[in-house]
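Chain residues, written in single-letter form:
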Amino acid sequence: MPNLYMDMMSQPSRACYILCKKHGLPVDVHMIRLDKAEHRKPAYLQINPLGKVPFLVDGELHLPESVAIMAYLADKYNLPDAWHPSSSGSSSSSGELAAAQQRRAVYEAAVQWLQLTVRFGCTRLLFHSVIGPRVFKVPGVPEVAAEGHKVSTRAGPGWPSRMHVVAPQQHTASLCIGVVRVSLL
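Small disclaimer: the values here were computed from a predicted structure and weren't measured. (Residues numbered from 1 in each chain as written. Predicted model: local features only at pLDDT ≥ 70, side-chain atom pairs only at ≥ 80, totals over all residues. Heavy atoms only, no water.)

Student: So what about helix H3 (residues 66–76)? Which residues, and what values?
Tutor: Looking only at H3, the buried set comprises Ser66, Val67, Ile69, Met70, Ala71, Leu73 and Ala74. Residue Asn78 follows H3 closely and has a positive phi angle near 50°. (Buried < 20%, exposed > 50% of the residue type's maximum accessible area, 1.4 Å probe, protein only. Helix = DSSP H or I, 4+ residues; strand = E, 2+ residues; numbered from the N terminus.)

Shown next, in the form of structure tokens:
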């Protein structure tokens with residue numbers, strides 16, 4: 001059974017957790033408290049030398065990064081394509097294969113876009129206005145928070161609906177990742 005190391009304070013951890021809970025995946029969840037520096041303790045660093053969360057261990061596989069973890073779990077447990085589109089069609093026709101590859105490419109583009117815009121901006125804004133000062137007792141830098149807000153708002157109004165390019169009317173991993181991030185604003 002896979003082991004997921006996470007902290008609910010970590011947005012990427014929450015995205016992995018939502019995927020696991022929504023689909024009832026058999027995953028053992030281990031809380032690593034970032035506010036107590038448990039991610040820097042030797043016991044955790046033995047499991048994950050990067051000292052980051054989320055982190056997945058499944059047998060010999062040691063996997064960092066929420067997007068990779070969610071893709072792996074979606075593939076391992078054959079979740080609907082909305083969570084991680086297959087790059088191969090259900091039949092051998094070249095048209096179906098091309099359509100599947102295009103769905104996967106659009107999904108990957110949406111995830112990358114969320115990582116580089118929304119997450120980047122929200123992380124800077126949230127850390128410098130809330131987490132740093134309140135949790136870690138370090139002063140925030142207002143200019144960095146303002147820049148984070150500017151970056152995250154480049155997405156524009158209605159961006160979640162634009163992320164439904166992969167599977168309209170369905171939950172998708174890219175939307176799950178994005179909504180969890182933006183809900184912090």
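Okay, back to it.
Student: Pulling in residues and values, what's your account of the pattern of salt bridges?
Tutor: Enumeration over the complete set of coordinates arrives at 2 salt bridges. Residue Lys76 pairs with Asp58 through a salt bridge whose shortest N-O separation is 2.9 Å. Of this pair, Lys76 sits in helix H3 while Asp58 sits in strand S3 (residues 55–58), and the two are 18 residues apart along the sequence. On the basis of relative accessibility, which here comes to 37%, the residue Lys76 falls in the partly exposed class. The class of Asp58 is buried, set by a relative accessible area of 13%. (Salt bridge = Lys/Arg side-chain N within 4 Å of Asp/Glu carboxyl O.)

Student: I'd like a rundown of a nonpolar patch on the surface, residues and numbers included.
Tutor: Together, Phe127, Val135, Phe136 and Val138 line one region of the surface with nonpolar side chains, adding up to about 270 Å² of accessible area. Position of Phe127 among the secondary structure elements: in helix H4 (residues 94–135). For Phe127, a relative accessible area of 30% corresponds to the partly exposed category. (Patch = residues over 30% accessible without salt bridge, like charges linked within 9 Å, V, L, I, M, F, W, Y side chains within 5 Å. Areas by Shrake-Rupley, 256 points an atom, 1.4 Å probe, with all protein chains shown as cover.)

Student: I'd like a rundown of the packing of helix H1 (residues 11–23) against H3, residues and numbers included.
Tutor: Contact geometry for H1 and H3: axes closest at 9 Å, N-to-C directions at 10°. With respect to their mutual orientation, H1 and H3 come out roughly parallel. Taken together, the residues of H3 that come into contact with H1 (itself represented by Pro12, Ala15, Cys16, Leu19 and Cys20) are Ser66, Ile69, Met70 and Leu73. Tallied by class, residues from the contact of H1 with H3 come to 8 nonpolar, 1 polar and no charged. (Axes fitted to C-alpha atoms, helices over the stretch in contact; angles between N-to-C directions. Parallel < 35°, antiparallel > 145°, perpendicular 65-115°, else oblique. Contact = heavy atoms within 4.5 Å. Nonpolar A, V, L, I, M, F, W, Y, C, P; charged D, E, K, R; others polar.)

Student: I'd like to hear about the sheet that holds strand S4 (residues 61–64), residue by residue, with values.
Tutor: Reading across the sheet, the 4 strands line up as S2-S1-S3-S4 and stay open at both edges, with mixed pairing between neighbours. Across the chains shown, the open sheet's two edge strands, defined by having one partner strand only, are strand S2 (28–31) and S4. Across the sheet, the mean angle separating the axes of adjacent strands is 20° when strand polarity is ignored. Each of strand S1 (3–6) and S2 touches H1; the most contacted strand, S1, lies at about 145° to it. Sitting on the sheet, H3 touches S1, S3 and S4, and the angle it makes with S4 is about 130°. (Pairing = 2+ DSSP bridges.)

Student: Outline unusual backbone geometry, listing residues and values.
Tutor: The omega torsion of the bond from Val53 to Pro54 falls at 0°, within 30 degrees of zero and hence cis. The residue Pro54 is located in the loop between helix H2 (42–47) and S3 in this model. Of note in this structure, Glu65 is not a glycine but carries a positive phi near 75°. Structurally, Glu65 can be placed in the loop between S4 and H3. Although it is not a glycine, Asn78 sits at a positive phi angle of roughly 50°. One can find Asn78 in the loop between H3 and H4.

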